[in-house]
Amino acid sequence: MNAKVSATIAVIITGAVLLYGVADFPDFGDPTSPANAGVEGGAPSASLHFINESYKETKVPNLVTSVLADYRGYDTMFETVVIFAAGLAIFVILRNLRSDDPLPEPLPATEDRFIDGDHQRIIVGTTCRIAIPLVQIFALYVVAHGHHSPGGGFQGGVMLGASFILVALGGNLRDALARLGEDTFMRLASLGILIYAAFGLVPQFLGRNFLDYGVLEKIFLTDGPEMARSHSMLGVEVGVALTVMSIMFAIFANLSSRGEMRGGL
Amino acid sequence: MILSLNIVLLVFLVVAAVISLGVKDLLSGSMVLGIYGFLICLLWAEMGAVDVAFTEAAVGAGVSTVLFVATILNTKRRSTD
């Protein structure tokens, strides 16, 4: 009880400090705020440059994608690595590679963990079978159309991973692993990061900076560096989507089967 | 930005957060946390941050709820505090 009281006091103090800080914020969407208009006499504002120039420089209408995958590509690359590391951490902690161990004791089927009876399984299974192809096609659209509409590698990758999780939830984990085996998804996760890193390293070999996509016009044979940047963003998004999809499914498979990759949900 | 919609969403957000902290049944708690994630997603979409809202809908309301449920099924469903 004492811990709860002190935690509540800490939360209230933190909330009060945050509210006090919010009072100094510029208004929502204020074009004259320092973040949008820059400081007088200082450097010009970065967001003004993105808003005015990013379409001319990259031919990508979705400002968010061009900032994420091009101007701030280095951050996005290591965000992907963070997701990969999270998946690896779960793998290292939970995965039991000694396959001759007996399966863990099945948990007692008490009222407590009764979620889905057998009579409902056919409804759930059929609904999942109908939904999965639609989810996957929409996910591919989200990845491929991330330049022009909201979306991109992270969102599309999560949806692709969720479609495989849905296979496991609607049927069982064995069916899902038959479609996307453990070897495959761990390789795909690494491949995604390697694709991203390749888009960084190839410009270096052509004498430019890491992730400076503009120079790739010599490889993509586009007319001008703008379209090369646009195409490279698509490639980078595909890499992110592969990693995110594999890691989402890897985390679920490890968690739900307690690292055995058999049985499970 | 629609102020009245914001206020409604924020009230539901606080209610969902308090409920998800308060319930003893962890399965209900994670479901309410999914509702919380979806309300935040609506709030972001309404403020114009569509990409962030999309991510929140997929990760916060979708996959993380599933991961919580998968973990609860392999541990205990009741919270002790």
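Residues numbered from 1 in each chain as written. Chains lettered and ligands numbered in written order. Predicted model: local features only at pLDDT ≥ 70, side-chain atom pairs only at ≥ 80, totals over all residues. Heavy atoms only, no water.

Asker: I'd like to hear about the overall build of chain A, residue by residue, with values.
Answerer: Tallying secondary structure elements over chain A gives eleven helices and zero strands in all. The secondary structure elements of chain A, listed N-terminal to C-terminal, are α-α-α-α-α-α-α-α-α-α-α. Its C-alpha atoms give chain A a radius of gyration of 24 Å, more than 25% over the compact-globule value 18 Å for 265 residues. Judged by the C-alpha coordinates and their principal axes, chain A covers about 70 × 60 × 35 Å. Classification of the 265 residues of chain A by burial places 39% in the buried group. (Helix = DSSP H or I, 4+ residues; strand = E, 2+ residues; numbered from the N terminus. Rg over C-alpha atoms; globule rule 2.2 N^0.38 Å. Buried < 20%, exposed > 50% of the residue type's maximum accessible area, 1.4 Å probe, protein only.)

Asker: Can you lay out helix H2 (residues 26-46) of chain B for me, pointing to particular residues and giving the numbers?
Answerer: All names here are of chain B. Between its first and last C-alpha, H2 extends 30 Å over 21 residues, near the 30 Å set by a 1.5 Å rise per residue. Of all the positions in H2, only Leu27, Gly29, Ser30, Val32, Gly34, Gly37, Leu39, Ile40, Cys41, Leu43 and Glu46 are classed as buried. Among the structural elements, helix H1 (3-22) and helix H3 (50-74) are those in contact with the buried residues of H2. If you check the start of H2, you find a side-chain oxygen 3.2 Å away from the backbone N of leucine 27, and it comes from aspartate 25. Just downstream of H2 lies glycine 48, where phi reads positive at about 100°. (Expected span 1.5 Å × (residues − 1). Contact = heavy atoms within 4.5 Å. Polar contact = N/O pair within 3.5 Å; in protein donor to acceptor, adjacent residues only side chain to side chain.)

Asker: Give a detailed account of the side chain of serine 232 of chain A, specifying residues and quantitative values.
Answerer: Tracing the backbone shows serine 232 of chain A in helix H11 (residues 225-256). Setting aside its immediate chain neighbours within four residues, serine 232 of chain A contacts Phe199, Tyr213, Leu216 and Phe220 of chain A.

Asker: I'd like to hear about the interface of chain A and chain B, residue by residue, with values.
Answerer: In this assembly, 27 residues from chain A lie in contact with 21 residues from chain B. Taken over both partners, the interface formed by chain A and chain B buries close to 2100 Å², and the fraction arising from carbon and sulfur atoms is 72%. At the surface where chain A touches chain B, the tally comes to six residue pairs in polar contact (both at pLDDT 80 or more). Sorting the residues of the side of chain A that touches chain B by element identifies helix H6 (118-144), helix H7 (153-170) and H11 of chain A as the ones contributing at least two each. Ranked by residues supplied to the side of chain A that touches chain B, first place goes to H7 of chain A with six residues. A class-by-class count of the residues in the side of chain A that touches chain B yields 18 nonpolar, five polar and four charged. (Buried area = accessible area lost by both parts, 1.4 Å probe. Nonpolar A, V, L, I, M, F, W, Y, C, P; charged D, E, K, R; others polar.)

Asker: I'd love a proper account of the environment of glycine 41 of chain A, names of residues and values included.
Answerer: Following the sequence through the fold, glycine 41 of chain A ends up in the loop between helix H2 (34-37) and helix H3 (46-58). Along the sequence, glycine 41 of chain A and alanine 131 of chain A sit 90 residues apart, while their C-alpha atoms lie 56 Å from each other.

Asker: An account of the packing of helix H5 (residues 73-94) of chain A against H11 of chain A is requested, with residue identities and associated values reported.
Answerer: Residues and elements named next belong to chain A. Contact geometry for H5 and H11: axes closest at 9 Å, N-to-C directions at 20°. Of the possible angle classes, the one that applies to H5 and H11 is roughly parallel. Viewed along their axes, H5 and H11 form a crossing whose handedness is left-handed. In contact with Thr80, Ile83, Phe84, Gly87, Ile90, Phe91 and Leu94 of H5, H11 contributes Val240, Thr243, Val244, Ile247, Ile251, Asn254 and Leu255. Residue composition of the contact of H5 with H11, grouped by class: ten nonpolar, four polar and no charged. (Axes fitted to C-alpha atoms, helices over the stretch in contact; angles between N-to-C directions. Parallel < 35°, antiparallel > 145°, perpendicular 65-115°, else oblique. Left-handed = near helix turned anticlockwise from the far one by under 90°.)

Asker: Give a description of the side chain of threonine 243 of chain A that names residues and reports values.
Answerer: All names here are of chain A. One can find threonine 243 in helix H11. Since its relative accessible area comes to 0%, threonine 243 is described here as buried. Excluding its chain neighbours within four sequence positions, the residues that come into contact with threonine 243 are Thr80, Phe84, Leu188, Ala189, Gly192 and Ile193.

Asker: With reference to specific residues and values, describe the environment of proline 225 of chain A.
Answerer: All names here are of chain A. Relative to the helices and strands, proline 225 resides in helix H11. Of the residues examined, proline 225 reaches a relative accessible area of 34% and is grouped as partly exposed. On a C-alpha basis, the gap between proline 225 and valine 215 in space is 6.4 Å, while along the polypeptide they are ten residues apart.

Asker: Give a description of the packing of aromatic side chains that names residues and reports values.
Answerer: Residue and element names in this part refer to chain A. Applying the stated rule across the entire model yields eight aromatic pairs over all chains. Centroid distance phenylalanine 185 to phenylalanine 249: 5.4 Å. Interplanar angle 85°. Geometry classified as edge-to-face. Pair noted here: phenylalanine 185 is in helix H9 (residues 182-205) and phenylalanine 249 is in helix H11, with a separation of 64 residues, a long-range link. For phenylalanine 185, a relative accessible area of 1% gives the class buried. Judged by relative accessible area, phenylalanine 249 falls into the buried class, the value being 0%. These aromatic residues form a ring-pair network of at least three members: Tyr74, Phe78 and Phe210. Taking the ring centre of tyrosine 71 as reference, the NZ or CZ of arginine 229 above it sits at 5.4 Å. (Phe/Tyr/Trp six-rings, centres within 6.5 Å; stacked < 30°, edge-to-face > 60°. Lys NZ or Arg CZ within 6 Å of the ring centre and 35° of its normal.)

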